[in-house]
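Working through the structure, step by step
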Amino acid sequence: MQFNFDSTEPLYLQVADQLEEAIFLNSFQEGEQVPSTTEISKQFHINPATVLKGMNILVDSGFLEKKRGLGMFVTTGANDKIRTKRQDEFYADFVSNLVSEAKKLSLPETAIIEMVKRAYEQA
């Protein structure tokens, strides 16, 4: 994990984002324990309350679960939930904006599809 202490994004959101990314990339498997609040706070010199606030976002999202006396664990289905969340965000952030701009440019649907295919071939 790497944190940008000069960023305008709060540290607790950076903690949540980076743990979510690690789960999505299978750095932490379903059912596996993630590092404790204390471990993360000591390693990266972040206040434990800040780390906990970020972890609680993932608990509220259903990606992590607290096991009293044991720590935080990746929930079953967390990877699929994250994928679905990211697909929804992708649609909202990119696809709907793409279609809106295409309509302003009077581009037909078929032209957009061809552009997307061309971009896939070049990637």
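Keep in mind that what you see is a predicted model, and the values were worked out from it rather than measured. (Residues numbered from 1 in each chain as written. Predicted model: local features only at pLDDT ≥ 70, side-chain atom pairs only at ≥ 80, totals over all residues. Heavy atoms only, no water.)

With that out of the way, let us pick up the pairing of strand E2 (residues 71–74). As paired elements, strand E1 (residues 64–67) and E2 share four bridges and run antiparallel to each other. What sits directly across from Leu64, in E2, is Val74. Linking E1 to E2, which pair antiparallel, is a turn of three residues; within it Gly69 sits at a positive phi near 80 degrees. (Pairing = 2+ DSSP bridges. Helix = DSSP H or I, 4+ residues; strand = E, 2+ residues; numbered from the N terminus.)

As a further point, take the packing of aromatic side chains. Summed over the entire model, instances satisfying the criterion amount to two aromatic pairs. Note on Phe3 and Phe44: the rings are 5.1 Å apart at their centroids and 80 degrees apart in plane angle, and the pair reads as edge-to-face. Of this pair, Phe3 sits in the segment before helix H1 (11–24) while Phe44 sits in helix H2 (residues 37–44); the two residues are 41 residues apart in sequence, bridging distant segments of the chain. The same class applies to Phe3 and to Phe44, which are both buried. The interplanar angle of 40 degrees and the centroid separation of 5.4 Å between the aromatic rings of Phe90 and Phe94 together place this pair among those described as tilted. (Phe/Tyr/Trp six-rings, centres within 6.5 Å; stacked < 30°, edge-to-face > 60°. Buried < 20%, exposed > 50% of the residue type's maximum accessible area, 1.4 Å probe, protein only.)

This brings us to unusual backbone geometry. The phi dihedral of Asn26 is positive, around 65 degrees, even though this residue is not glycine. By secondary structure assignment, the location of Asn26 is in the loop between H1 and H2. Judged by relative accessible area, which is 42%, Asn26 ranks as partly exposed. Phi is positive for His45, close to 60 degrees, though the residue is something other than glycine.

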